[in-house]
Number of protein chains: 2
Amino acid sequence: MLVLGVDPGLTRCGIGVVEAQGLKMRFVGMHVLSTSPSQKQEERLLRLYEGLRGEISGFRPDIVSIEKVFAQKNTNTVLGTAQVAGLAMLVAAQNSLPTAMHTPTEVKLAVTGNGMAKKVQIQRMVARFLSLPSLPSPFDGADALAQAICHILHPEDSSVFGLMDTGKSEAQKKWIEASEKFKAAKNKMRGRGM
Amino acid sequence: MLVLGVDPGLTRCGIGVVEAQGLKMRFVGMHVLSTSPSQKQEERLLRLYEGLRGEISGFRPDIVSIEKVFAQKNTNTVLGTAQVAGLAMLVAAQNSLPTAMHTPTEVKLAVTGNGMAKKVQIQRMVARFLSLPSLPSPFDGADALAQAICHILHPEDSSVFGLMDTGKSEAQKKWIEASEKFKAAKNKMRGRGM
């Protein structure tokens, strides 16, 4: 299974591609698409759309896993990020590919065991999972690889096929259980406007 | 000048097209693109993207004016709306068309004189501006026409060419002044997290 992870962003949009045979993973590629804040919003979106089309038709993944966007304090940023995530969904649909979405917290929890992990921890664990000779950089690329790795380890949130939904190991089951609890706690926090 | 207004939404996306000769306006068309909440998000975005491409290549407007999205209480809705607004921007850029954005409050203020106007007031004023024989319906279509009318009356917020930026009447200047004050008050409210 070839998973193309997307860390959406207007200024930098990370693309990370990982091949998985069961839970065994191999690094395939990492790119960062970038646009300048001095460009018009519509030109930035067009550039990113064309970039995503190129990446997805170039790598021909089986699934596109995209960071799930939530409202944060910086609303302008989150709306732009949501638009880029929407473009990734659009391009997946244009290529008849399924999509999955994992939140940043799920990704951090999946790759580092800590939902509040720092960027460098994610880079280190991505390098370890994929046997990279150095830390993947910039962060946006590392985050996109982490998104793909998260989907391979933890595909249950997939909006699609329930890919790999069978044959979980005991460790995976425990992880899923812990993750569910974490999500419940997170939802509770969100309910209180945090 | 032919203005294509967009009231973005995942379930219903309004398109309203108005031709303007100075401040004289003529109704050209109104459509509502719709998708079902039972469809996958990426399929909804693809359907709306194709719909917007069809509308924009069919009407060949000079400018695309899109409702500016702000964070509201219902975050899921606002992120979907932002994604559809992003698609409208993308399609405009693909057609080398300028875009403008006006907030719902600016639109209400421009067409009814009241930034808190109810839906039916907007319908009535749109019918009056465009000499329609009955109220435009559904609301999403009326709102898209109102977006176009707002841009014709008040193009200053255009992110683009400063279209019609010269030759304002005294009434328009007063209106702009009042509108600036309103925006300043609104920004102040937003700064307090309202």
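Refer to the preceding data block for the structure.
Residues numbered from 1 in each chain as written. Chains lettered and ligands numbered in written order. Predicted model: local features only at pLDDT ≥ 70, side-chain atom pairs only at ≥ 80, totals over all residues. Heavy atoms only, no water.

Engineer: Help me understand the packing of helix 4 (residues 119–129) of chain B against helix 5 (residues 139–153) of chain B, please; the structure alone is not making it clear to me.
Structural biologist: When two helices pack together, their arrangement is given by the angle between the helix axes and by the axis-to-axis distance. Residue and element names in this part refer to chain B. At a closest axis distance of 9 Å, the pairing of helix 4 and helix 5 adopts a crossing angle of 60°. Judged by the inter-axis angle, helix 4 sits oblique to helix 5. Considering only the axes of helix 4 and helix 5, their crossing is left-handed. Along the contact surface, helix 4 presents Lys-119, Val-120, Ile-122, Gln-123, Val-126 and Phe-129, while helix 5 presents Phe-139, Ala-142, Asp-143, Leu-145, Ala-146, Ile-149 and Leu-153. Residues that form the contact of helix 4 with helix 5 fall into these classes: 10 nonpolar, one polar and two charged. (Axes fitted to C-alpha atoms, helices over the stretch in contact; angles between N-to-C directions. Helix = DSSP H or I, 4+ residues; strand = E, 2+ residues; numbered from the N terminus. Parallel < 35°, antiparallel > 145°, perpendicular 65-115°, else oblique. Left-handed = near helix turned anticlockwise from the far one by under 90°. Contact = heavy atoms within 4.5 Å. Nonpolar A, V, L, I, M, F, W, Y, C, P; charged D, E, K, R; others polar.)

Engineer: Honestly, the packing of aromatic side chains in this entry has me stumped. Any pointers?
Structural biologist: Each aromatic ring pair is characterised by the separation of its centres together with the angle its planes make. Under the counting rule described, the total for this entry stands at one aromatic pair over all chains. Plain terms: the ring middles of A:Tyr49 and B:Tyr49 are 5.7 Å apart, the flat faces sit at 45° to each other, and that makes the pair tilted. Taken together, the residues span two chains, with A:Tyr49 in helix 1 (residues 41–59) and B:Tyr49 in helix 1 (residues 41–59). Assigned by exposure class, A:Tyr49 and B:Tyr49 land together as buried. (Phe/Tyr/Trp six-rings, centres within 6.5 Å; stacked < 30°, edge-to-face > 60°. Buried < 20%, exposed > 50% of the residue type's maximum accessible area, 1.4 Å probe, protein only.)

Engineer: In this structure, what is going on with the environment of B:Gln94? I would like to understand it.
Structural biologist: With respect to the element layout, B:Gln94 can be found in helix 2 (residues 75–94). Of the residues examined, B:Gln94 reaches a relative accessible area of 24% and is grouped as partly exposed. Between the C-alpha atom of B:Gln94 and that of B:Gln83, which follows or precedes it by 11 residues, the distance is 16 Å. For B:Gln94, the contacting residues outside a window of four places in its chain are A:Leu46, A:Tyr49, B:Tyr49 and B:Arg53. One polar contact links B:Gln94 to B:Tyr49, side chain to side chain, over a distance of 2.9 Å. (Polar contact = N/O pair within 3.5 Å; in protein donor to acceptor, adjacent residues only side chain to side chain.)

In short, geometric facts, not functional conclusions.
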